[in-house]
Amino acid sequence: MRVHYICKACGVQYEATHHPPDICKICSDERQYVPLTGQKWTTLEELKQESFHNEFVEIEQGLWSIRTYPQIGIGQKAYLIRTDEGNILWDCITYLDEKTINKINELGGLRGIAISHPHYYSTIIEWGNAFQCPIYIHEKDHEWLTRTCSLIHFWNGDSLELTKHLSLIHVGGHFEGSSVLLWTLGSYKKGTLLVGDSIYIVPDQGWLSFIYSAPNHIPLSAKVVNNIKMSLENYDFEAIYGAFDHKIEQGGKNSFIKSADRYIHFLNS
Ligand SMILES: [Zn+2]
Ligand SMILES: [Zn+2]
């Protein structure tokens, strides 16, 4: 029987096969790693037999984070943004059960799913099928897809307006197609930026970093960091939320510019 295997290390689901893939292309890439214990596989059906659950937290009015406990794969958060024109899921998590589908439907369902970069491809096709909505992926990351589906909408260029107040912006760097999502109504209309780890929020309050690989501590070049800086130069935002716990609630644009300048300074010195 063919099944859609999921890599236990990164949580990304593959095309249906009789046997688990030999390697996970996400984990064997130099930005991630294969655990010492080797590549292990599971399926969504198997995960549903265990004691996982997704926790929803309302961060500000209209913005929810969704995270699985106990952790699966990288352990990232997804975010649900509610708008008058329908809801968008930003990034995605591997675990999806009936309870999660019901909760999202209570919040108004999904109009689309937008993904920052391949580390969070997770089970996007399962989510797309459950809500019958398009999945937005930057075409520059096309090669990293591990499962295909007609719901996937490849976008290109510098930005894509998803709704009147929600736009995807291509920043590059961490992955060629790395993108962020700007919600102009967020933070009392001062703008909320959702970054996955295309832009990395660090523990020091009000600071960000720019990484090629987080686990393997590989930096980007000064030129690429400057390109990231330029890509958001014309946008304003107050709060910045990433895939993990660190966040910036005030002065986001200023933090972004000073962090890019600091990083470029160190790369050049
Ligand atoms: Zn993997
Ligand atoms: Zn990543």
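For clarity, every value in this text was computed on a predicted model and none was experimentally measured. (Residues numbered from 1 in each chain as written. Chains lettered and ligands numbered in written order. Predicted model: local features only at pLDDT ≥ 70, side-chain atom pairs only at ≥ 80, totals over all residues. Heavy atoms only, no water.)

Caption draft 1: Geometry of the coordination of the zinc ion (ligand 1). In this structure, Cys7 (SG), Cys10 (SG), Cys24 (SG) and Cys27 (SG) serve as the protein donors to the zinc ion (ligand 1), at separations of 2.2 to 2.3 Å. Classification of the site at the zinc ion (ligand 1) rests on its four donor atoms, whose angles at the metal span 100 to 118°, yielding the label tetrahedral. The sequence pattern describing where the donors of the zinc ion (ligand 1) fall on their chain is C-x2-C-x13-C-x2-C. Of this pair, Cys10 sits in the loop between strand 1 (3–7) and strand 2 (13–17) while Cys27 is found in the loop between strand 2 and strand 3 (41–42), placing the two residues 17 residues apart along the sequence. Taking relative accessible area as the criterion, Cys10 reaches 1% and is therefore assigned buried. (Donors = N, O, S within 2.8 Å, 3.2 Å for Na, K, Ca; no water. Tetrahedral: all angles 85-135°; square planar, octahedral: opposite > 155°, others 65-115°. Helix = DSSP H or I, 4+ residues; strand = E, 2+ residues; numbered from the N terminus. Buried < 20%, exposed > 50% of the residue type's maximum accessible area, 1.4 Å probe, protein only.)

Caption draft 2: Geometry of empty space enclosed by the protein. For the coordinates displayed, the defined rule picks out two cavities of 30 Å³ or more. Forming the boundary of the largest cavity are 13 residues, of which Thr68, Ile72, Gly75, Gln76 and Ile93 lie nearest the centre. Along the lines of polarity and charge, the residues of the lining of the largest cavity split into five nonpolar, seven polar and one charged. The wall of the second largest cavity is formed by Gln13, Tyr121, Ser122, Thr123, Ile124, Ile125, Leu145, Thr146 and Arg147. Taken together, the residues that form the lining of the second largest cavity break down as four nonpolar, four polar and one charged. (1 Å grid on protein atoms, 1.4 Å probe; cavity = no way out; pocket = protein on both sides within 12 Å on 5 of 7 lines; lining within 4 Å. Points joined across faces, edges and corners; volume = space filled by probe spheres on them. Nonpolar A, V, L, I, M, F, W, Y, C, P; charged D, E, K, R; others polar.)

Caption draft 3: Quick peek at the layout of surface pockets. As a volume, the largest pocket reaches approximately 510 Å³. The wall of the largest pocket is formed by 22 residues, among which Glu60, Gln61, Trp183, Leu185 and Gly186 lie closest to the centre. Broken down by secondary-structure element, the contributors of at least two residues to the lining of the largest pocket are strand 4 (53–60), helix 4 (186–189) and strand 19 (239–241). The element that contributes the greatest number of residues to the lining of the largest pocket is helix 4, accounting for four residues. Taken together, the residues that form the lining of the largest pocket break down as six nonpolar, seven polar and nine charged. There is about 230 Å³ of room inside the second largest pocket. Gln32, Tyr33, Ile74, Pro215 and Phe244 are the residues nearest the centre of the second largest pocket, which is lined by 16 residues in total. Per-class residue counts for the lining of the second largest pocket are 11 nonpolar, four polar and one charged.

Caption draft 4: Molecular detail of the packing of aromatic side chains. Under the defined criterion, the tally for this structure stands at eight aromatic pairs. With 5.8 Å between their ring centres and 50° between their planes, Phe52 and Tyr95 make a pair best called tilted. Of the two residues, Phe52 sits in the loop between helix 1 (44–48) and strand 4 while Tyr95 sits in the loop between strand 7 (88–90) and helix 2 (98–106), which places them 43 residues apart along the sequence. For Tyr95, a relative accessible area of 3% puts it in the buried group. When the ring centre of Phe175 is taken as origin, the NZ or CZ atom of Arg31, which lies over that ring, is 3.7 Å away. In this structure, Lys258 is placed above the aromatic ring of Trp207, and the distance from its NZ or CZ to the ring centre is 4.3 Å. (Phe/Tyr/Trp six-rings, centres within 6.5 Å; stacked < 30°, edge-to-face > 60°. Lys NZ or Arg CZ within 6 Å of the ring centre and 35° of its normal.)

Caption draft 5: Highlighting the UniProt feature "domain: Metallo-beta-lactamase" (unreviewed entry) in the protein chain. Here, UniProt's "domain: Metallo-beta-lactamase" (unreviewed entry) annotation points to residues 75–244. As annotated, residues 75–244 comprises 18% helix and 28% strand, and the C-alpha atoms at either end are separated by 8 Å. (UniProt positions renumbered as here; feature names shortened; annotations may be inferred.)

Caption draft 6: Main features of the pairing of strand 6 (residues 78–81). Side chains Ala78 and Leu80 project from strand 6 onto one buried face, and the interleaved Tyr79 and Ile81 project onto a second face that is buried too. Bridge analysis of strand 5 (residues 63–69) against strand 6 gives four bridges, and the strand direction is antiparallel. Looking across to strand 6, one finds that Leu63 is bridged to Ile81. By the bridge criterion, three bridges tie strand 6 to strand 7 in an arrangement that is antiparallel. Looking at strand 7, one finds that Leu80 is bridged to Leu89. Here strand 6 folds back onto strand 7 in antiparallel fashion, the turn holding six residues, of which Gly86 has a positive phi close to 115°. (Pairing = 2+ DSSP bridges.)

Caption draft 7: Representation of the coordination of the zinc ion (ligand 2). Protein ligation of the zinc ion (ligand 2) involves His117 (NE2), His119 (ND1), His174 (NE2) and Asp197 (OD), the donor distances falling in the range 2.1 to 2.4 Å. Coordination of the zinc ion (ligand 2) draws on donor residues from a single chain, spaced H-x1-H-x54-H-x22-D in sequence. Here His117, found in the loop between strand 8 (112–114) and helix 3 (124–131), pairs with Asp197, found in the loop between strand 14 (192–194) and strand 15 (200–201); they are 80 residues apart in sequence, far enough to count as distant.

Caption draft 8: How the structure looks around the pattern of salt bridges. Taken as a whole, this structure holds seven salt bridges when the rule is applied. The partner of Arg147 in a salt bridge is Glu126, and the shortest N-O contact between them spans 3.1 Å. Separated by 21 residues along the polypeptide, Arg147 in the loop between strand 9 (135–138) and strand 10 (152–155) and Glu126 in helix 3 bring together distant segments of the chain. Salt-bridge contacts for Glu249 lead to Lys247; the nearest nitrogen and oxygen are separated by 3.9 Å. Salt bridges sharing common partners tie together Arg67, Lys77 and Asp245. (Salt bridge = Lys/Arg side-chain N within 4 Å of Asp/Glu carboxyl O.)

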